[in-house]
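# What the coordinates show
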Amino acid sequence: MRRSVLESLARRVVAGVAAGDRGWRTEYRIRRLIGAGDRGAQVAVDALWECWLLTADDRWWTVLLRWNRPAAFAWTLNSGLFDPGQVHRLSRVALDDPAHRCTAEGLAEALGRTGHPIAEIARRHLSRPAAHVLDTLDGAPRTAAVVDYLTGRLVRDHDWDGLWRFARDLPPADAAEALRHADPRWRPPDRAGDELYTLLRDADPEHLRELVTLLATPRILPTDRPVLRGAFSADERLMAVTLASELRVYDVASGTRLAAHELDEIDPGPVSFEGDAPIVVQRWPGEPVLRSTVWRFGPGRRTGRSVNGWVYDLRPGTLDGTSQVASARRAPGLPWPEVSLIRRHGPPAIRRPEGVADLRCMVLDTDPVDRRVAFAGDRITVAGLGPGNRLRGPVHSYPRISQDWRGLCLAGPDLVFSCDATEVVGWRVDGGLLRPAVIRRHGHGAIAWAPYRNAVAATDWQHGLQYLDADTLEPQDVPGDLYGLRARQLWSAPLGTGTHAAAADGEIRLVLASVAGLAHLARQPMSRGGLGAVRPDPVMWDRAAALVEVLAANDRYRASVRSAG
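First, a word on scope: everything that follows refers to the structure included in this document. Each chain carries its own residue numbering, running from 1 in the written order of its sequence. Restriction of local features to residues with pLDDT of at least 70 applies here, the model being predicted, together with a cutoff of 80 or more for giving and counting side-chain atom pairs; totals for whole chains, interfaces and linings are based on all residues. In computing side-chain values, all of the structure's heavy atoms are included and hydrogens and water are not.

### Comments concerning the pattern of salt bridges
- Any carboxyl oxygen of Asp or Glu within 4 Å of a side-chain nitrogen of Lys or Arg constitutes a salt bridge here. In total, this model carries 29 salt bridges according to the counting rule given.
- In this structure, Asp183 engages Arg185 in a salt bridge whose closest nitrogen and oxygen atoms are separated by 3.0 Å.
- Taking relative accessible area as the criterion, Asp183 reaches 15% and is therefore assigned buried.
- On the basis of relative accessibility, which here comes to 73%, the residue Arg185 falls in the exposed class.
- Taking the shortest distance from any N to any O, the salt bridge between Arg406 and Asp404 comes out at 2.8 Å. When accessible area is computed with a 1.4 Å probe and restricted to protein chains, residues below 20% of their type maximum are described as buried, those above 50% as exposed, and intermediate ones as partly exposed.

### Overview of the sheet that holds strand S7 (residues 277–283)
- For two strands to count as paired, DSSP must find a minimum of two bridges between them. Only DSSP runs of H or I with at least four residues qualify as helices, and only runs of E with at least two residues qualify as strands; both kinds are numbered from the N terminus onward. Spatial strand order, S6-S7-S8-S9: 4 strands in an open sheet with antiparallel pairing. Sheet topology places strand S6 (271–274) and strand S9 (301–308) at the edges, where each strand pairs with a single neighbour. Going from strand to strand, the sheet's axes swing by 25 degrees on average, the running direction of each strand aside. Interaxial angles span 0 to 180 degrees and are taken between N-to-C directions of axes, which are lines fitted to C-alpha atoms, for helices over the stretch in contact.

### Structural notes on the packing of aromatic side chains
- Any Phe, Tyr or Trp ring, taking Trp's six-membered ring, that has another such ring centre within 6.5 Å forms a pair; planes under 30 degrees apart are called stacked, those over 60 apart edge-to-face, and the others tilted. The final tally for this structure, using the stated rule, is 7 aromatic pairs.
- Summarising the aromatic geometry, the rings of Trp49 and Trp52 are spaced 5.8 Å apart at their centres and angled 75 degrees between planes, so their arrangement reads as edge-to-face. Here Trp52 and Trp49 lie together in helix H3 (residues 42–55), a separation of 3 residues that amounts to about one turn. An identical accessibility class is assigned to Trp49 and Trp52; each is buried.

### Overview of the environment of Trp310
- For Trp310, the location among the structural elements is in strand S10 (residues 310–316).
- Each C-alpha atom of the pair Trp310 and Asp204 lies 57 Å from the other, and the pair is 106 residues apart in sequence.
- For this analysis, a polar contact is any N or O atom pair within 3.5 Å, provided that within protein one partner can donate a hydrogen and the other can accept it, and provided that sequence-adjacent residues contribute only side-chain to side-chain pairs. From its side chain, Trp310 meets the backbone oxygen of Trp284 in a polar contact 3.1 Å long.

### A word on the environment of Asp370
- Its place among the elements puts Asp370 in the loop between strand S14 (363–367) and strand S15 (372–376).
- For Asp370, a relative accessible area of 48% gives the class partly exposed.
- Residues Asp370 and Leu319, 51 residues apart in the sequence, show an inter-C-alpha distance of 9.4 Å.

### Brief notes about unusual backbone geometry
- With a phi angle near 50 degrees, Asn68 is a residue other than glycine that sits in the positive phi range.
- According to the relative accessible area criterion, Asn68 is partly exposed, its value standing at 32%.

### Some remarks on the environment of Val241
- For Val241, the position within the fold is in strand S3 (residues 238–242).
- On the accessibility criterion, Val241 (0% relative accessible area) is buried.

### Re the sheet that holds S3
- The strand order across the open sheet formed by 4 strands is S2-S3-S4-S5, and the pairing between neighbours is antiparallel. Two strands close off the open sheet at either side, each with one partner strand: strand S2 (229–232) and strand S5 (257–262). Across the sheet, the axes of successive neighbouring strands diverge by a mean angle of 15 degrees, strand direction being ignored.
- Bridge analysis of S2 against S3 gives 4 bridges, and the strand direction is antiparallel. Residue pairing for S3: Ala231 is matched across the bridge by Ala240.

### Observations concerning a nonpolar patch on the surface
- Taken together, the side chains of Leu319, Val369 and Leu495 define a hydrophobic patch exposed on the protein surface, amounting to about 240 Å² of accessible area.
- Along the chain, the position of Val369 falls in the loop between S14 and S15. Only residues whose relative accessible area exceeds 30% and that take part in no salt bridge are eligible for patches, with like-charged residues grouped when within 9 Å of each other and nonpolar side chains (Val, Leu, Ile, Met, Phe, Trp, Tyr) grouped when within 5 Å. Note that accessible areas follow from Shrake-Rupley with a 1.4 Å probe, and for residues the cover is restricted to the protein chains shown.

### Remarks on the state of the cysteines
- By disulfide we mean two sulfur atoms from cysteines, separated by a distance within 2.5 Å. One pass over the full model with this rule turns up 0 disulfides.
- Looking at the unpaired Cys361, the closest cysteine sulfur is the one in Cys409, lying at 15 Å.
- Given the relative accessible area of 0%, Cys361 is considered buried.
- Its sulfur unpaired, Cys409 is 9.4 Å from the next cysteine sulfur, which belongs to Cys419.
- Accessibility expressed as a relative area gives 3% for Cys409, which makes it buried.

Okay, here's the thing in structure tokens:
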């Protein structure tokens, strides 16, 4: 039987079993598939493992024991019912054969399949003292099933020291749940540990989980029209957005709309901030004269300054915003925009910086703290904004011509991410060059840096807003109110804290780094610590006082352990 025919047969069998089909056609296909497996066909082995994992029928188990072969590691059946590699890991657990040693991840997955025989097989694997079981499952995902199982084992063995060590490697809510089963007379030997232990024992796990959900939920600001552009002030107190003929200013902490200003409907262009004053650039219509007006909306007053060229993007070059970096097409004969400097005072209002030969700029990002700029045209350039009119210390990627740049973001002193219609790339500074460090072969839209997650936020019209791990560019979990969001616009705070906002379908979803960062930390094992790295938010932190208190006590405990060691 040809491989393609056999693979099609295997998929039909798995689909029929999953649907509960017991008809003669399915029975005939099963017999053919088992015959192929008897002759050594690996795809038949893979299919029967899926059938057994779906139904736990002894019929499959008898055949699988006779074959005594795990599912393939390079799993190609792709039925869509299991994650890649999962069937292989579970099959090694089920065989319980020294020749096919199982992994910690496979054991954790098997424990989670409650009611299936494989869960009992996994428990037999782990029928040693609880302390050894902890070592066996070291590195496995701490799923609810794993936490419940290990907690039960430690409690059954009266291993309170082990339960305490295990709890410290869980998120606060799971740790509180586990420690509820501890002997109430037991206490950690050290003072800082006793403080953390007492807080966790007294905490309500469900309340802690509710607080994490509250913190992870973005603030939703309704708008009656699509948002075209957005920006945050440097101190993140204010956010400005442009709509078709209006500029709106919001208080970030409360979500309250503070002001609304009318704009010409010709082109509500890019928006930025100079201190507390929002700035909007609007292009003049028509060629051959290319001009734009930079509008500044101060207290009770609106002022405008005409500049040469059409401005497509605008980012603060300095903390006070008096110097802005723009992507601007400054002359009719210039077929592409270039990076340009716009300043509030003194002639000229817009300048072409010196120090870099190729200034082509389709997308850009800035770091006003360290006064750096990144821009992309036929290559990516990162440079410092020097005094006067110069870009200093530029580093470049190799020429990388993209016809459809979508986004660029700085992510630290030696890392920058780019995005176009086909891929996302993380670039690292290596001497005078930017070299690709990680690549994801999937196009996205705008991107923004989220340091508290060590991730890049990216718009994706196919899958919705995603967070891509900075080290691997694999998707991370997305909070519920952001999951599947088809965001048309994405912008972030200029200081790179991770505060960002996404706009879609007549509303803005606002993610504050101080709040979302706390939620992200509360989902991590306490052994990773780090409350000090999250920017405080007095209002939200007061509402989540029970959670903050636990995390702060955990930081004190970890500090005492380090000083003692």
